[in-house]
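# Working through the structure, step by step
Listed below, chain by chain, are the residues.
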There are 2 protein chains.
Amino acid sequence: MTNNDVLKLENQLCFSIYAASRAITKIYRPFLDTLGITYPQYLVMLVLWEHNTLSLKELGNILYLDSGTLTPLLKRLEGMQLIKRERSREDERVLCVSITEKGLEMKQQAIRIPECILDTMNVDIPLLVTLKKEMDELLISLKKESQVEQEEK
Amino acid sequence: MTNNDVLKLENQLCFSIYAASRAITKIYRPFLDTLGITYPQYLVMLVLWEHNTLSLKELGNILYLDSGTLTPLLKRLEGMQLIKRERSREDERVLCVSITEKGLEMKQQAIRIPECILDTMNVDIPLLVTLKKEMDELLISLKKESQVEQEEK
DNA sequence: CAAAATTATATTGTGCACAATTAAAATTAT
DNA sequence: ATAATTTTAATTGTGCACAATATAATTTTG
């Protein structure tokens, strides 16, 4: 790549990933609309369907989101009665986030979403499998990087 | 993948891409901070460094962003005197967005950013090259998909 | 050519993301 | 035990994203 090309948009991996992320969210939207939730809210539900109860901090560690993002998002999910928010008995600082009965029922409606998404995307499955593996490899490297930054503080 | 696993977070390509996109933006932030712009603003600058003048619509087509996102963003860049916003003579509806002298000067400061990012990410270059190619392949498929949706309206 | 349809941008409203700050509870150190 | 530190969430403020709507200019139709 010549010196003149390094700033061309078409040469930026970051933009491909940024654009793909938004395009994929757009594919989820109509399906999530029928559930009445947004894409980030869906991610929280995925985690809680798997774990039932987690502290806000644990949830944040899994999704790489902080309280500034999660607090209002969780309050909305609580407003829909899909989750519960309550302080821990042992440690009043920690907020326990847990799935409700209604939240668990939604899992049955959501179970078809992944295959619906695949059908709608209309993309080579092998490409998706490869991409998943490579993206996770990238994420691991980036995670290490952010740990280095943390330690420098 | 068993029926029970389809909703696990670790099996969602969408999440890997979503998380990677945010992680990468985080790497850009300190470098862009020294320029005084955000990541989406940087993308606009990349496009304008390449094209000098574009209508808002053309800019939106390139970045997959609409006027709701771009109008306020461009007003901020204009406030920093990095770009100009003016109506076209031939067609008063179209907004011509163009780079200013000051905006062009910023390109010299930005020229090192891509290699700084690479250094900071500390990731296998071959992995990045492969990922770029595959992400673009995915994007093309998703673009076709969204065209289908458009035609259905 | 006037009415209807289309096109381009702006505006409004909602919901993330995230940095920075605040506040309260728990832990550690003196 | 109390003061200092650390930990956990909540709050505040800024800037995207994007759907929905509004507005004004242009083009197409009857």
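In the block above lies the structure referred to throughout.
What counts as what
Residues numbered from 1 in each chain as written. Chains lettered and ligands numbered in written order. Predicted model: local features only at pLDDT ≥ 70, side-chain atom pairs only at ≥ 80, totals over all residues. Heavy atoms only, no water. Least-squares fit on C-alpha atoms with pLDDT ≥ 70 in both. Contact = heavy atoms within 4.5 Å. Phe/Tyr/Trp six-rings, centres within 6.5 Å; stacked < 30°, edge-to-face > 60°. Helix = DSSP H or I, 4+ residues; strand = E, 2+ residues; numbered from the N terminus. Buried < 20%, exposed > 50% of the residue type's maximum accessible area, 1.4 Å probe, protein only. Buried area = accessible area lost by both parts, 1.4 Å probe. Salt bridge = Lys/Arg side-chain N within 4 Å of Asp/Glu carboxyl O. Polar contact = N/O pair within 3.5 Å; in protein donor to acceptor, adjacent residues only side chain to side chain. Nonpolar A, V, L, I, M, F, W, Y, C, P; charged D, E, K, R; others polar.

### Looking at the relation of the copies chain A and chain B
Mapping chain A onto chain B calls for a screw motion: a turn of 180° about the axis and a shift of 0.0 Å along it, with 0.0 Å RMSD after fitting. Expressed as a symmetry operation, the mapping of one chain copy onto the other fits a two-fold axis. The overlap is high: 100% of the interface residues of chain A also sit at the interface in chain B, so the same surface is used on both sides.

### Things to note about the packing of aromatic side chains
Pairs of aromatic rings are described using the distance from one ring centre to the other and the angle between the two planes. Residue and element names in this part refer to chain A. For the structure shown, the criterion picks out eleven aromatic pairs over all chains. Aromatic pair Tyr28 and Tyr39: ring centres 5.3 Å apart, planes at 55°, arrangement tilted. Note that Tyr28 is positioned in helix H1 (residues 13-35) and Tyr39 in helix H2 (residues 39-51), a separation of eleven residues in sequence. Here Tyr28 and Tyr39 have matching classes, each one buried.

### Examining the interface of chain A and chain B
Opposite the 56 residues of chain A that make contact, chain B presents 56 residues. Roughly 5,400 Å² of surface becomes buried between chain A and chain B when both sides are summed, with 72% attributable to carbon and sulfur atoms. Where chain A meets chain B, there are zero salt bridges. Joining chain A to chain B, the criterion identifies twelve residue pairs in polar contact (both at pLDDT 80 or more). Those elements that place two or more of their residues in the side of chain A that touches chain B are H1, H2, helix H3 (56-63), helix H5 (101-110), helix H6 (113-121) and helix H7 (125-152) of chain A. Here the side of chain A that touches chain B is built from residues that sort into 36 nonpolar, ten polar and ten charged.

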